[in-house]
Amino acid sequence: MSLQIEALNCELNGQTILHDISLPALQSGTVVALAGPNGSGKSTLMRALAGIIPARSKRLCLNGTDLTRLGELDRADQLRYLPQDLPPLLDLTVLDALRVALNARKRAARTAAAPEALAILTELELSHLAERSLRTLSGGQRQLTGLAQALCRPPRVLLLDEPVSALDLHFQHHILRTLRTLSKRHSLLIIVVLHDLNHVLRYTDHVVVLHQGGIAATGIPGKVLTPELLNAVFAVQARLETCSQGILHLIIDQPSPGLSSTRDQTL
Ligand SMILES: Nc1ncnc2c1ncn2[C@@H]1O[C@H](COP(=O)(O)OP(=O)(O)OP(=O)(O)O)[C@@H](O)[C@H]1O
Ligand SMILES: [Mg+2]
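This is a predicted model, so every value here is computed, not measured.

*Asks:* If you had to explain the site of ligand 1 to someone new, which residues and values would you point to?
*Replies:* Taken together, 14 residues are adjacent to ligand 1, and Asn13, Gly39, Lys42, Ser43 and Thr44 come closest. One nitrogen or oxygen atom from the side chain of asparagine 13 is found 2.9 Å from a nitrogen atom belonging to ligand 1. Glycine 41 places a main-chain nitrogen or oxygen 3.0 Å from an oxygen atom of ligand 1. Summarising the interface, the protein chains cover 65% of the accessible area of ligand 1, which totals 640 Å² for the free molecule. Partitioning the shell around ligand 1 into residue classes produces three nonpolar, nine polar and two charged.

The structure is reproduced here in C-alpha cells:
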C-alpha cells in the first residue's frame with residue numbers, strides 16, 4: 001500500500017499556500033515526518049490530504065484509489081487526521097470518548113467497545129485516566145486522549161499534527177516509539193508533524209521538509225538534515241553528531257544571524 005502525491009497545489013483566500021508538492025510514494029508500515037518552519041504549510045498539507053480543505057493535484061492516490069473521488073466518510077476511514085488544535089471538550093469520560101470514536105460508524109451498543117478502548121489506553125499508558133472526565137484533564141493528557149481516539153479503528157493513513165507538542169519527555173519518547181510499533185503491526189502509514197528534529201532522526205523512516213509552501217528536501221532523515229539545509233530552511237547553525245550509542249543527534253550551535261526575518265515571506 002502506498003500514498004502517491006503528485007503536483008498538489010492549495011490556495012486559501014486567494015493566496016497560494018502549497019505549490020507543486022510531489023513526493024516519492026509513501027509506503028505503509030513506515031513513519032514519515034513532516035518538518036519545516038512555522039507557516040511553511042505543514043498543517044495545510046495535512047488538511048489537504050485529509051480532504052478538509054480543497055486542493056488541486058495531478059495525482060492523489062492511495063493504493064491506486066483516487067482519494068478525491070471518495071466521499072467524506074470513506075476518505076476519513078482511509079486517512080484519519082488529528083489536528084494541531086484540540087477540539088472543545090465534551091462532557092465525557094476518556095473511556096466514553098474512545099467508545100464514541102470506535103463506534104463512529106456503527107450503531108452497536110457503546111459498551112461493546114470497552115475492551116478495545118481499554119487496550120488502546122493500556123498501550124499508551126493511559127488506563128489510569130479511563131474514568132476521568134475530559135474536562136478535568138491537563139493539556140498533555142488531552143493531547144494523549146486525542147491520539148488514543150485517532151488510533152481507534154486503525155485507518156490506512158494516520159495524519160498526526162504535532163502529536164507530542166504538549167507532552168513531557170517520557171511521553172514524547174513513549175508515544176513516538178509506540179507509533180513506530182503500531183505502523184509495523186497494522187501496516188499503517190503514519191505522517192507526523194514534528195518540530196524536534198532529533199525526534200525526526202530517531203523515530204522516523206523518511207522526512208519531508210517544507211519551506212514557504214514547497215518541498216525543500218525529502219529522504220532519509222540522517223541524509224537530508226545537513227548543516228546547509230538547516231541553515232537555509234530553519235535558520236540555525238547546526239551539526240549532526242553520532243553519540244556513544246550510535247544514535248545521530250542534531251546539535252544547534254546558534255541561530256543563523258540575519259535569516260529569521262526572511263523565513264516566512266509571503267509566496
Ligand atoms: N485560511 C487561510 N487563509 C489564508 N492563509 C492561510 C490560511 N490558513 C493558513 N494560512 C497561511 O498558510 C501558511 C501555512 O500555514 P500552516 O498552518 O500550514 O503552517 P504550519 O507549517 O503548520 O505552521 P506551524 O508550525 O506554525 O503550525 C501560513 O502563512 C498561514 O498564515
Ligand atoms: Mg501547523
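From this point, the narrative continues.
*Asks:* Please provide a residue-by-residue account of the coordination of the magnesium ion (ligand 2), values included.
*Replies:* Donor atoms from the polypeptide that bind the magnesium ion (ligand 2) are Ser43 (OG) and Gln84 (OE1), placed at 2.0 to 2.2 Å. Highlighted residues: serine 43 in helix 1 (residues 42-50) and glutamine 84 in the loop between strand 8 (79-82) and helix 3 (94-102), separated in sequence by 41 residues.

*Asks:* Lay out the pairing of strand 13 (residues 236-242) with the relevant residues and their values.
*Replies:* Pairing geometry for strand 13 and strand 14 (residues 248-255), over seven bridges, is antiparallel. Looking across to strand 14, one finds that glutamate 241 is bridged to histidine 249. Taking the residues between adjacent antiparallel strands as the criterion, strand 13 and strand 14 are bridged by five residues, where glycine 246 takes a positive phi near 80°.

*Asks:* Now, about the sheet that holds strand 4 (residues 26-27): what can you tell me, with residues and values included?
*Replies:* One open sheet holds the four strands; their spatial order is 4-1-6-7, and the pairing between them is antiparallel. Both outer strands of the open sheet, strand 4 and strand 7 (65-66), are each paired with one neighbouring strand and no more. Pairing of strand 1 (residues 2-6) with strand 6 (residues 59-62), which is carried by four bridges, proceeds in the antiparallel orientation. Looking across to strand 6, one finds that leucine 3 is bridged to leucine 62.

*Asks:* Tell me about the pairing of strand 10 (residues 189-193), residues and numbers included.
*Replies:* The element strand 10 is extensively covered by neighbouring structure, given that five of its five residues are classed as buried. With burial as the criterion, each face of strand 10 is covered, one bearing Leu189, Ile191 and Val193 and the other bearing Ile190 and Val192. With five bridges joining them, strand 9 (residues 157-161) and strand 10 adopt parallel strand pairing. What sits directly across from aspartate 161, in strand 10, is valine 193.

Criteria and cut-off values
- Residues numbered from 1 in each chain as written.
- Chains lettered and ligands numbered in written order.
- Predicted model: local features only at pLDDT ≥ 70, side-chain atom pairs only at ≥ 80, totals over all residues.
- Heavy atoms only, no water.
- Near = heavy atom within 4 Å.
- Polar contact = N/O pair within 3.5 Å; in protein donor to acceptor, adjacent residues only side chain to side chain.
- Areas by Shrake-Rupley, 256 points an atom, 1.4 Å probe, with all protein chains shown as cover.
- Nonpolar A, V, L, I, M, F, W, Y, C, P; charged D, E, K, R; others polar.
- Donors = N, O, S within 2.8 Å, 3.2 Å for Na, K, Ca; no water.
- Helix = DSSP H or I, 4+ residues; strand = E, 2+ residues; numbered from the N terminus.
- Pairing = 2+ DSSP bridges.
- Buried < 20%, exposed > 50% of the residue type's maximum accessible area, 1.4 Å probe, protein only.

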